[in-house]
Amino acid sequence: MSVKIFDTPEVQDFLKTVSGFDQSGGNERAKQIMHRLLSDLYRLVDDYDVTPEEFWSSVSVLNALGEGTQFGLLAPGLGFDHYLDMRMDAEDKQRGLSGGTPRTIEGPLYVAGAPEAEGFARMDDGTDSGAEVMWLTGQVRDVDGQPVTGAKVEIWHADSKGGYSFFDPSQSEYNLRRTIITDSQGRYTARSIIPSGYGVPEGCATDQVLKLLGRHGQRPAHIHYFISAPGHKHLTTQINLAGDPYTFDDFAFATREELVIEGRRIEDPAEADKRGLEGPFTEVVFDVELARTDAPELQHRHKRPRALESEEAESQQASQAKV
Ligand code: MBD
Ligand code: FE
C-alpha cells in the first residue's frame, strides 16, 4: 500500500519540532541543515514507500559504518571528496585563482608527523623485498616557472600489497611517509618502492554498500601529496602511475588526466649507480606548479580529523600562516 503524508501540516510541523526550531539553544546552522536533511529523507521514505525492514537495515549499515575509518572510506566511494574538489575548483575559478597543478582528494589514510628531510629522503624501510625500486623526483615551481625553494612536500603511499603504514599494523612506523623540503632548485627526491593499487577490504561495511550498487572498491596505484610554501596556495593532490587497469576506473574518483604519470624503467647500471641504487629501477617524475595567494587560510590544508594530528598542531599551523 502506498500512502503519501509528507506534505501534510502534521508532518511539516513535526519536522520543525524534531529539528529544534522551537528551542532557543543549539546551533542555528545545524538546525537548518538537519531540517533540510530530514525533510529530504522523510520525503524519500514517502516517495519510495520505504518499509520498516528497509529502514532498520539501513540503520545497521550506518552502525557498521561507524566502525574504524569506514565512513571515511565510503565517503570517497560515494563521490563526496571529489564533489568537494569540484566545488573548490569552481571557487578558485571565481576568485581568479586558477592555474597550477590540479588538486585531487586527500583520502582517509594520511598520518601527521612523518619524518622530515631536506631535499632527499628514503621512504621505504627496505622490507618490501619483491617491490620495484621507485626513484620519485620533481621540481616545485611558481606560475612563472621559477623554482620554489623550501617548499614542504609531504608524500605518502601504499606498499606493494596496497597497505598503508599505521593502518596496516604489519608495517613499520611512518613507512612510505615522508616530508621533504625542496632544495635550492626547488627539487625534491625520494627513494621508495612502486606502490600497488588499493582495494577496500572484502566484507567491510563500505564493501557491502559498493556491492549493493554493483560497484568495486579498487583504486589504481597512486601517490599522495600535500605541497605548501609561503605565499602559495596549499595543494592536496595525487599522481597515478600509468598502465594500471583501474587508472580510469577509480572507486574514489580521484584520477585526473594531468596527474597520470608514466614511470620510466631504467636498467642502465650507470644510472643506478648515480643514484646510489644497486639494480634496475623505475623513475617517476612529478613537477608541481603552485598558484600564488596572499590569503593565509589558503596556504595550509583545511581542517579535518587526521591520524596523529592534534588540535594544537593545527592551530599552530594556522597562526604560522598568518605571519
Ligand atoms: C586510499 O588509498 C585512498 O587514497 C582513498 C581515497 C580511499 C581509500 C584508500
Ligand atoms: Fe591512497
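Keep in mind that what you see is a predicted model, and the values were worked out from it rather than measured. (Residues numbered from 1 in each chain as written. Chains lettered and ligands numbered in written order. Predicted model: local features only at pLDDT ≥ 70, side-chain atom pairs only at ≥ 80, totals over all residues.)

Each helix and strand in the protein was counted, giving 8 helices and 14 strands. The C-alpha extent of the protein, read off along each of the three principal axes, is 80 × 45 × 35 Å. Looking at the protein as a whole, 30% of its 323 residues are labelled buried. For the protein, contacts bridging at least 24 residues in sequence account for 70% of all contacts bridging at least 6. (Helix = DSSP H or I, 4+ residues; strand = E, 2+ residues; numbered from the N terminus. Buried ≥ 20, exposed ≤ 12 C-beta atoms within 10 Å, placed from the backbone. Contact = placed C-beta atoms within 7 Å.)

Another point: the packing of helix α1 (residues 9–18) against helix α2 (residues 28–47). Between α1 and α2, whose axes approach to 9 Å, the crossing angle comes to 140 degrees. Between α1 and α2, the interaxial angle falls into the category oblique. Handedness of the crossing formed by α1 with α2: right-handed. Contacts from Val11, Leu15, Lys16 and Val18 in α1 reach His35, Leu38, Ser39 and Tyr42 in α2. In the contact of α1 with α2, the residues fall into 5 nonpolar, 2 polar and 1 charged. (Axes fitted to C-alpha atoms, helices over the stretch in contact; angles between N-to-C directions. Parallel < 35°, antiparallel > 145°, perpendicular 65-115°, else oblique. Left-handed = near helix turned anticlockwise from the far one by under 90°. Nonpolar A, V, L, I, M, F, W, Y, C, P; charged D, E, K, R; others polar.)

Taken domain by domain, the protein holds domain 1 (9–50) and domain 2 (71–322). A separation of 39 Å is found between the C-alpha centroids of domain 1 and domain 2. (Domains from an automatic or database assignment.)

Before going further, it helps to spend a moment on the UniProt feature "domain: Intradiol ring-cleavage dioxygenases" (unreviewed entry) in the protein. The positions that UniProt labels "domain: Intradiol ring-cleavage dioxygenases" (unreviewed entry) are, in the present scheme, residues 136–164. When the span residues 136–164 is considered, its composition is 0% helix and 45% strand, and the gap between its end C-alpha atoms is 18 Å. (UniProt positions renumbered as here; feature names shortened; annotations may be inferred.)

Counting 36 residues, the largest nonpolar core has Met134, Val140, Val153, Ile155, Ala190, Ile227 and Leu290 as the members making the most contacts within it. Every element with two or more residues in this core is listed here: β3 (133–142), β4 (152–157), β6 (187–193), β9 (222–228), β10 (235–241), β13 (281–285) and β14 (288–290). The dominant element in this core, judged by the number of residues it contributes, is β3, at 5 residues. Leu74, Ala75, Ala205 and Val209 belong to the second-largest nonpolar core, a separate cluster that totals 13 residues. (Core = buried A, V, L, I, M, F, W, Y, C linked by C-beta atoms within 7 Å.)

Every residue close to ligand 1 is listed here: Leu73, Pro76, Ile105, Gly107, Pro108, Leu109, Tyr198, Arg219, Ala252 and Ala254. In terms of residue class, the shell around ligand 1 is made up of 8 nonpolar, 1 polar and 1 charged. (Near = placed C-beta within 6 Å.)

Let us now look at the sheet that holds β4. Read from one edge to the other, the open sheet built from 6 strands follows the order β1-β5-β4-β9-β10-β11, with strand pairing classed as mixed. Every other strand in the sheet has two partners, leaving β1 (116–118) and β11 (260–261) as the edge strands with one partner each. (Pairing = 2+ DSSP bridges.)

Right, let's talk about unusual backbone geometry for a bit. Not every positive phi belongs to a glycine, and Phe166 is a case in point at roughly 80 degrees. Here Phe166 lies in the loop between β4 and β5 (177–181). Positive phi outside glycine occurs at Leu308, with the angle close to 60 degrees. Examined against the element boundaries, Leu308 turns out to sit in the loop between β14 and α8 (311–322). Note on Leu308: 12 C-beta atoms within 10 Å, which makes it exposed.

Glancing now at the pairing of β13. In terms of strand pairing, β3 meets β13 through 4 bridges, oriented parallel. Considered in β13, the bridge of Trp135 is made with Glu283. Judged from the 3 bridges that link them, strand β12 (residues 264–266) and β13 form a sheet pairing that is antiparallel. Residue pairing for β13: Arg265 is matched across the bridge by Thr282.

Burial within β9 is extensive, with 6 of its 7 residues counted as buried. Looking at chain direction, β4 and β9 are connected through 6 bridges and run antiparallel. In the strand pairing of β9, Ile155 is matched with Tyr225. Sheet analysis places β9 next to β10, joined by 6 bridges and oriented antiparallel. The residue bridging Ile223 from the neighbouring strand is Ile239, located in β10. In sequence, β9 turns back onto β10 through a hairpin of 6 residues, with Gly231 there showing a positive phi of about 80 degrees.

With respect to the secondary-structure elements, Glu132 resides in the loop between β2 (120–122) and β3. For the pair Glu132 and Ser192, spaced 60 residues apart in sequence, the C-alpha separation works out to 8.7 Å.

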